[in-house]
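Each chain, written out:
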Amino acid sequence: MAEMMRFLDRRRPLVGLGVLSAISLVWACSSSSGGDPPPTVDAGTDAGIEPGAELLGGETTIVDSTSNAFTFAARNLDDDARGAFALGDHFFNRNWVTAPASASGNDGLGPTFNATSCSACHFKDGPGRPPTSNDEKFLGLLIRLSIPGQDAHGGPLDEPNYGGQFNHQAILNVPSEGTSSVSYVEVPGTYADGEAYSLRRPEYKLEGAFGPFASSMMTSPRVAPAMIGLGLLQAISEETLSALADENDRDGDGISGRPNHVWNIRAQKATVGRFGWKANQPTIEQQSAGAFQGDIGITSELDPNENCPAAQTACKAAPSGGTPTDGGPHEPELSNQKLDAVTRYGMTVAVPARRNWTDPVVREGEQALAQAKCTSCHVAKVRTGVLDGYPALSNQTIRPFTDLLLHDMGPELADGRPDFEATGTEWRTSPLWGIGLTQVVSRHSFFLHDGRARGFAEAILWHGGEAAASREAFRTMPKVQREALIKFLESL
C-alpha cells in the first residue's frame, strides 16, 4: 500500500483528493482514455469485412491512437486487476538507485547495467530503437554475448569475461564492461518496376574493459520489443502453437515454423518459448526477471546472481541492495511482490484497435499481404485458451499477426548465435499488432530485431530464408499494390 501511495502522489492532478477517490480517478482516466465503446462493423452492410476485425486484442482492445496508445490496461479488466496494473506500472517506471540507499527497496542498481528503469528502454511501452549516430549510447538496443556450447539447461553459454550481455554502464567505483557503437553500410536494391531502394546493414564495434573477448564469441543485437498484448500471447495454448507448426514442411509451402523449447525456471523443465526475438523465454514473469537482472542489474528469486564474471572484481565486491541474511547470501533485490506486480502489468497492457480498417486501399493491402503469403507466419487470427488467474485474457479471439514460431530468415538477418533450439538464422515471427502506431508512440520507425529497417518496406525487403518468396512477391508488386500493403500495416 505504501508503494501505491507514493505512486498516486506522483500524479499531481490528484493532490487534494482522498485516496479512494484518487484510485477511482486513476482507473477512470485509464478507462476514458481507452475511448468510447469498441468500434464494430455491421457485417450486413459490407459482407467483405469480418465483424470485429478491428479488435486486435479481442475484448481487451482499447481505442486510442495517441502517443499514449500503448500505456492502457486491457479494457475488460476488473477493479482488482486494474489495481494490480497500476502498481506494476509504478515499478515499471521506477528508476533504481545504487545500494545502499535511504529509500529501502529502491536500491540495487547494477553493479553493471544498461538502463536504470524498464521504461527507459520501453518508452511509453513502445519498442526501443538503435542509436542514430556513432556517439549515441545504446539504450533501447542491447548486445547478447555467448560462446559455442550450452549451459546446464540448454541455453547459450556466457562469454567468460563479460557474461551473457554487454553492460556499458556501471555504478560509482565499478568499471563498466566497455563501450559499443554501430555504423551502417548502405545496400542498394531495385524493385521490379525499376524504382531504386536502399537498405542499411549494421556493423557493431565493442571495446571491452576486461581483456579481449573470446575468439569464438557470438553476438546478437536486440531492440526492446513493445509491451502490448503480451498476456494474450501467453494465453495461447501449446496445442494451438503445435497445430501451427510444420517443422518438416509437410505441406510443401516452403514454410517450416517450429516452437523453441526453453528452460522454464518455475516448472523446472523445458517448455515452449514465446517471448524475446528468438522465443527464448516461456513466460512474462521469467522475461521480466531476466530483464531486471540483465538490463538493470536487479536480482530476483528467478535470477538471484549478479552479472559479475570472475574478472570483474569490483563488480563482485559491490554492495547488494538485498536484505542481508544471517551468515548467508543477501535476499534478492527485487521482492516477489514487486516481481509479481510487474508481471501482472506486463500481462495486461492493452492492444489498441485498428484505424481505417474499412478503407478500400487498406483492404486491398490486406489482400496483398495474404497473396504474398506473409500470413503463413504472421498468422492473422488466433483463439486464446484458458489462462489461470487471467480471466480477461482467456477465450479471446485475437489478431496478433504472429505464430510465435521460429523461422529461418536467411543469412542476411542471421546473428549466427544459437539460443536454446533456435539456430543462428532463426527468429520468432514478430507480432504486427500496434506496429502502425510505432512512430506516434515511440517517435521512430525502426523495425526488425536490431532496428536496422527504416520503415515497413525495408523490413519486408530484409526478409530471406523461408520468407524469401514473400519478399520477392512484395518486390515485384506494382507500386500501387506495395503502397496499399504498407497502408494496411499502418492500420494495425
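Each remark here, short or long, concerns the structure printed above.
Here we summarise the structure given alongside this text. Computed from a prediction, not measured in an experiment: that's the story for all the values here.

1. Things to note about the overall build of the chain
Move 1: In terms of helices and strands, the chain carries 14 helices and 15 strands.
Move 2: For 492 residues, the compact-globule formula gives about 23 Å, and the C-alpha radius of gyration of the chain, at 23 Å, lands near that figure.
Move 3: The principal-axis extents of the C-alpha atoms in the chain amount to approximately 70 × 60 × 40 Å.
Move 4: Relative to its 492 residues, the chain shows a buried fraction of 54%.
Move 5: In the chain, once contacts between residues fewer than 6 apart in sequence are set aside, the share between residues at least 24 apart is 67%.
Move 6: By element, 53% of the accessible surface of the chain is carried by carbon and sulfur atoms, the whole surface being about 21,000 Å².
Move 7: Side chains of the chain carry 41 positive and 59 negative charges; the gap between the two charge centres is 4 Å.

2. A closer look at the state of the cysteines
Move 1: Scanning the entire structure with this criterion turns up one disulfide.
Move 2: Here cysteine 377 stays unpaired: no disulfide links it, and the sulfur of cysteine 374, its closest cysteine neighbor, is 8.8 Å away.
Move 3: Assessed through its relative accessible area of 12%, cysteine 377 is described here as buried.

3. As for the sheet that holds strand β3 (residues 156-157)
What holds strands together in a sheet is hydrogen bonding between their backbones, with the strands either parallel or antiparallel.
Move 1: The three strands are arranged β3-β2-β7 in an open sheet whose pairing can be described as antiparallel. Both outer strands of the open sheet, β3 and β7 (218-223), are each paired with one neighbouring strand and no more.

4. Concerning the packing of aromatic side chains
Move 1: Summed over all chains, the structure comprises 11 aromatic pairs.
Move 2: An aromatic cluster is built from Tyr162, Phe166, Phe210 and Phe213, whose rings are joined through pairwise contacts.
Move 3: A cation sits over an aromatic face here: arginine 94 above tryptophan 96, 5.1 Å from the ring centre.
Move 4: The ring of tyrosine 184 is capped by arginine 200, whose NZ or CZ atom sits 3.9 Å from the centre of that ring.

5. Looking at the environment of arginine 443
Move 1: In this structure, arginine 443 sits in the loop between α11 (438-442) and β14 (446-447).
Move 2: Residue arginine 443 is classed as exposed on the basis of its relative accessible area of 61%.
Move 3: In this structure the C-alpha to C-alpha distance between arginine 443 and phenylalanine 123, which are 320 residues apart in sequence, comes to 9.5 Å.
Move 4: Beyond its immediate stretch of four places on either side in the chain, arginine 443 contacts Phe123 and Thr438.

6. Describing unusual backbone geometry
Move 1: Proline 100 follows alanine 99 through a cis peptide bond whose omega is -5°.
Move 2: Along the polypeptide, proline 100 turns up in the loop between α3 (79-93) and β1 (112-113).
Move 3: Cis geometry marks the peptide bond from glycine 110 to proline 111; its omega dihedral reads 15°.
Move 4: Tracing the chain through its elements places proline 111 in the loop between α3 and β1.
Move 5: One non-glycine residue with positive phi stands out, namely aspartate 125, at about 65°.
Move 6: Residue position: aspartate 125 is located in the loop between α4 (118-121) and β2 (141-150).

7. Description of helix α14 (residues 479-490)
Move 1: For α14, with 12 residues, the first-to-last C-alpha span of 17 Å sits near the 16 Å given by 1.5 Å per residue.
Move 2: Where α14 is buried, its residues meet α10 (360-371), α12 (456-461) and α13 (468-475).

8. Here's the deal with the packing of α10 against α14
Move 1: In contact at an axis separation of 7 Å, α10 and α14 are set at 100° when each is read in the N-to-C sense. Comparing the axis directions of α10 and α14 gives the class roughly perpendicular. When α10 is examined against α14, the residues Val361, Val362, Glu364, Gly365, Glu366, Ala368, Leu369 and Gln371 are found in contact with a partner set consisting of Gln481, Ala484, Leu485, Lys487, Phe488 and Leu489.
Move 2: A class-by-class count of the residues in the contact of α10 with α14 yields eight nonpolar, three polar and three charged.

9. Considerations on the packing of α3 against helix α9 (residues 336-347)
Move 1: Viewed as axis vectors pointing N to C, α3 and α9 meet at an angle of 105°, and their least axial separation amounts to 7 Å. Considering their axes alone, α3 and α9 lie roughly perpendicular with respect to each other. Between α3, through Ala84, Phe85, Leu87, Gly88, Asp89, Phe91 and Phe92, and α9, the contact on the second element is made entirely by Lys338, Ala341, Val342, Arg344 and Tyr345.
Move 2: Looking at the contact of α3 with α9 residue by residue, the class counts come to eight nonpolar, one polar and three charged.

Conventions used here
- Residues numbered from 1 in each chain as written.
- Predicted model: local features only at pLDDT ≥ 70, side-chain atom pairs only at ≥ 80, totals over all residues.
- Heavy atoms only, no water.
- Helix = DSSP H or I, 4+ residues; strand = E, 2+ residues; numbered from the N terminus.
- Rg over C-alpha atoms; globule rule 2.2 N^0.38 Å.
- Buried < 20%, exposed > 50% of the residue type's maximum accessible area, 1.4 Å probe, protein only.
- Contact = heavy atoms within 4.5 Å.
- Areas by Shrake-Rupley, 256 points an atom, 1.4 Å probe, with all protein chains shown as cover.
- Lys, Arg positive; Asp, Glu negative; His and termini not counted.
- Charge placed at Lys NZ, Arg CZ, Asp CG, Glu CD.
- Disulfide = S-S within 2.5 Å.
- Pairing = 2+ DSSP bridges.
- Phe/Tyr/Trp six-rings, centres within 6.5 Å; stacked < 30°, edge-to-face > 60°.
- Lys NZ or Arg CZ within 6 Å of the ring centre and 35° of its normal.
- Expected span 1.5 Å × (residues − 1).
- Axes fitted to C-alpha atoms, helices over the stretch in contact; angles between N-to-C directions.
- Parallel < 35°, antiparallel > 145°, perpendicular 65-115°, else oblique.
- Nonpolar A, V, L, I, M, F, W, Y, C, P; charged D, E, K, R; others polar.

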